[in-house]
There are 2 protein chains.
Amino acid sequence: MAGRSDTKVLIMDIAEKAVLEKGFEATSIEEIVAGAEISRSGFFYHFNDKNALARALIERYIAAEDALFDEIFGRARDLNDDPLHAMLIGLKLLAERLDDLPAGHPGCVVAAAAYQDRLFDRGVRELNRQAILGWRARFRAMFEEIAAVYEPRAPIDLDALGDMVSGVVEGALVLQRVLGERQTVSQQILQFRTYVRLLFSAETAPRAA
Amino acid sequence: MAGRSDTKVLIMDIAEKAVLEKGFEATSIEEIVAGAEISRSGFFYHFNDKNALARALIERYIAAEDALFDEIFGRARDLNDDPLHAMLIGLKLLAERLDDLPAGHPGCVVAAAAYQDRLFDRGVRELNRQAILGWRARFRAMFEEIAAVYEPRAPIDLDALGDMVSGVVEGALVLQRVLGERQTVSQQILQFRTYVRLLFSAETAPRAA
DNA sequence: GGTCAACTGAACCCATGGTGCAGTAGGGTG
DNA sequence: CACCCTACTGCACCATGGGTTCAGTTGACC
């Protein structure tokens, strides 16, 4: 073959970095191909248009995020079999992980896409929707398990609680981006962690165990 | 004068609607001038470039948001002099207000701008920063007052708590935008409200009052 | 030696942001 | 009444950037 076999991945890496820094629209194909040292034609050989790039980027980002959640909350569950304590450990691990990321760190591709809606086709928007619904389901299940063991100290809406994980993270990413401070995301996650702790009052013993 | 005296405001109204629907980049000057029934030259007479439009839009949005907060939390304080209860009433009013907004409702201009960073100049970014810092200060002060009366049930970080109001709202706006559901924002605000209630345990009597 | 994947190069179209400038309608002021 | 100023219109023109078409090239593998 007359080229690297991983050009597509290289394009995506360069594009992702640029998109997270300055937004999708502001990232030109020109600068991507310059960075990847290929021609414009080469870019269009791999992606039919910019939309296809966006779709690939979002797909990959979502997969990575899912893998991160799997790893972190899986490890948390290994460390403590109690669902509430596993959640609290997981949130702490998540906060630490997001703190460790390099300066500026990745903003969330999902949110970036959300505010440039009409730029993308139905496919991209649907992907985005499925990702957020997936996270809702994931965390909802965890909170269900917790609620089965610990009596909540306030009436709870499991879907809203599940959404709150994504919501707090997305919101904090916006703040961190605008403020330029480094620990906004982890601080906000820890606030949510405190909420979970108070809601299920970890100090108390489980109700059935 | 050979034109309406409020053309600038008309341009901004049309632009704001379009920007909230599909993003800043996706909104062309062409469609704005078509909607306002003026010429392209007319647009550039009022705004030096698109950046100036963005700045004016963000300035106006922030002022409106501040006015909304003033009104809602002012009214809440009128209804109950206790700082905690005023906060809880205010959050409820805020949730209701955001629910009443027309279908799809305005996304947050601040967040929209945050993800299209390099598109804007330093001035716009600084405006954004000041808005969020302003909200932090506003809510921090309210939580300080609450903490002076109610013993928090967990160690608190007043700045993080203040930021959480903006953060939860911004994050929920992203979710609502992507999911297309109608009550995501109000639900998330009510979650935060529950957190505040649990954190300062409203059921208990104030510590000094 | 032929096929195929992975490109390059160049020409070209269109939309959009932006500039420059000359002209003009009409209200306000001297 | 003349004059100025504000708020525009119209037009010509430029650059950037997404996107298409297509003919040609290069190197790996069979």
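What you see is a predicted model, and the numbers here were worked out from it, not measured in a lab.

What counts, and where the lines are drawn
- Residues numbered from 1 in each chain as written.
- Chains lettered and ligands numbered in written order.
- Predicted model: local features only at pLDDT ≥ 70, side-chain atom pairs only at ≥ 80, totals over all residues.
- Helix = DSSP H or I, 4+ residues; strand = E, 2+ residues; numbered from the N terminus.
- Buried ≥ 20, exposed ≤ 12 C-beta atoms within 10 Å, placed from the backbone.
- Contact = placed C-beta atoms within 7 Å.
- Nonpolar A, V, L, I, M, F, W, Y, C, P; charged D, E, K, R; others polar.
- Axes fitted to C-alpha atoms, helices over the stretch in contact; angles between N-to-C directions.
- Parallel < 35°, antiparallel > 145°, perpendicular 65-115°, else oblique.
- Least-squares fit on C-alpha atoms with pLDDT ≥ 70 in both.
- Expected span 1.5 Å × (residues − 1).
- Bend = angle between axes of the 7 residues up to and from the residue.
- Core = buried A, V, L, I, M, F, W, Y, C linked by C-beta atoms within 7 Å.
- pLDDT = per-residue confidence, 0-100.

## Describing the overall build of chain A
Part 1: Looking only at helices and strands, chain A has nine helices and zero strands in total.
Part 2: Ordered by position in the sequence, the α and β elements of chain A form the string α-α-α-α-α-α-α-α-α.
Part 3: Evaluated residue by residue, chain A yields a buried proportion of 41% over its 209 residues.
Part 4: Residue pairs in contact within chain A that sit at least 24 positions apart in sequence constitute 64% of those at least 6 positions apart.

## Notes on the interface of chain B and chain A
Part 1: Opposite the 43 residues of chain B that make contact, chain A presents 43 residues.
Part 2: Elements that contribute at least two residues to the side of chain B that touches chain A include exactly α6 (109–114), α7 (122–149), α8 (158–179) and α9 (184–199) of chain B.
Part 3: The dominant element in the side of chain B that touches chain A, judged by the number of residues it contributes, is α8 of chain B, at 15 residues.
Part 4: When grouped by side-chain class, the residues that make up the side of chain B that touches chain A number 21 nonpolar, 12 polar and 10 charged.

## Topic: the environment of Arg55 of chain B
Residues and elements named next belong to chain B.
Part 1: Tracing the backbone shows Arg55 in helix α4 (residues 50–79).
Part 2: On the basis of neighbour counts, which here come to 19 C-beta atoms within 10 Å, the residue Arg55 falls in the partly exposed class.
Part 3: With 70 residues separating them along the chain, Arg55 and Arg125 place their C-alpha atoms 9.0 Å apart.

## Here's the deal with the packing of helix α9 (residues 184–199) of chain A against α8 of chain B
Part 1: The N-to-C vectors of α9 of chain A and α8 of chain B enclose an angle of 90°; their axes lie 10 Å apart at closest approach. In terms of their interaxial angle, α9 of chain A and α8 of chain B are classed as roughly perpendicular. The residues of α8 of chain B that touch α9 of chain A, namely those facing Thr184, Gln187, Gln188 and Gln191 of chain A, are Ala160, Leu161, Asp163, Met164 and Gly167 of chain B.
Part 2: Looking at the contact of α9 of chain A with α8 of chain B, its residues break down into three nonpolar, five polar and one charged.

## Looking at the relation of the copies chain B and chain A
Part 1: Once chain B is rotated about the relating axis by 180° and shifted along it by 0.0 Å, it coincides with chain A to within an RMSD of 0.1 Å. In the structure described here, the two chain copies are related by an operation that fits a two-fold rotation axis. The position closest to the rotation axis in chain B is occupied by the C-alpha of Gly171 of chain B, lying 1.8 Å away.
Part 2: A symmetric contact is evident, with 100% of the interface residues of chain B recurring at the interface of chain A.

## Re α8 of chain B
Residues and elements named next belong to chain B.
Part 1: The end-to-end C-alpha distance of α8, which contains 22 residues, comes to 31 Å, matching closely the 32 Å that a straight helix rising 1.5 Å per residue would cover.
Part 2: Met164 marks where α8 bends most, by close to 30°.
Part 3: Counting buried residues along α8, 19 of its 22 residues qualify, which places the element largely inside the surrounding structure.
Part 4: Gly180 lies just past α8 and shows a positive phi near 75°.

## Describing the nonpolar core
Part 1: Counting residues in each nonpolar core, the largest one holds 124 residues, and the members touching the most others are Val110 and Ala111 of chain A together with Ala111 of chain B.
Part 2: Discounting chain neighbours no more than four positions away, the residues touching Ala111 of chain A are Glu170, Leu173 and Val174 of chain A together with Tyr115 and Val174 of chain B.

## Focus: helix α5 (residues 83–100) of chain B
Part 1: For α5 of chain B, which comprises 18 residues, the first-to-last C-alpha distance of 26 Å matches the rise-based estimate of 26 Å (1.5 Å per residue) to within 8%.
Part 2: The inward-facing, buried residues of α5 of chain B abut α4, α7 and α9 of chain B.

## Some details on the environment of Ile32 of chain A
Residues and elements named next belong to chain A.
Part 1: Among the secondary structure elements, Ile32 is positioned in helix α2 (residues 29–36).
Part 2: Each C-alpha atom of the pair Ile32 and Ala54 lies 13 Å from the other, and the pair is 22 residues apart in sequence.
Part 3: Non-local contacts of Ile32, meaning those with residues more than four positions away in its chain, are made with Ile11, Ile14, Ala15, Ala18, Thr27 and Phe43.

## Some thoughts on the packing of α5 of chain B against α9 of chain B
All names here are of chain B.
Part 1: Interhelical geometry of α5 versus α9 gives an angle of 175° and a closest axis separation of 8 Å. Judged on the interaxial angle alone, α9 and α5 are roughly antiparallel. Along its contact with α5, which presents Met87, Leu88, Leu91, Lys92, Leu94, Ala95, Glu96, Leu98 and Asp99, the element α9 presents Val185, Ser186, Ile189, Leu190, Phe192, Arg193, Val196 and Arg197.
Part 2: Along the lines of polarity and charge, the residues of the contact of α5 with α9 split into 11 nonpolar, one polar and five charged.

## Thoughts on unusual backbone geometry
Part 1: Of note, the phi angle at Glu37 of chain A is positive, near 55°, even though the residue is not glycine.
Part 2: With respect to the helices and strands, Glu37 of chain A occurs in the loop between α2 and α3 (40–46).

## Considerations on the environment of Tyr45 of chain B
Residues and elements named next belong to chain B.
Part 1: Within the secondary structure, Tyr45 sits in helix α3 (residues 40–46).
Part 2: Since 13 C-beta atoms lie within 10 Å of it, Tyr45 is described here as partly exposed.
Part 3: Separated by 37 residues in the primary sequence, Tyr45 and Lys8 place their C-alpha atoms 9.5 Å from one another.

## Quick look at the confidence of the model for chain A
Part 1: Overall, the prediction assigns chain A a mean pLDDT of 90, with 90% of residues at 70 or greater.
Part 2: Ranking the elements of chain A by mean pLDDT puts helix α6 (residues 109–114) of chain A last with 79 and α3 of chain A first with 98.

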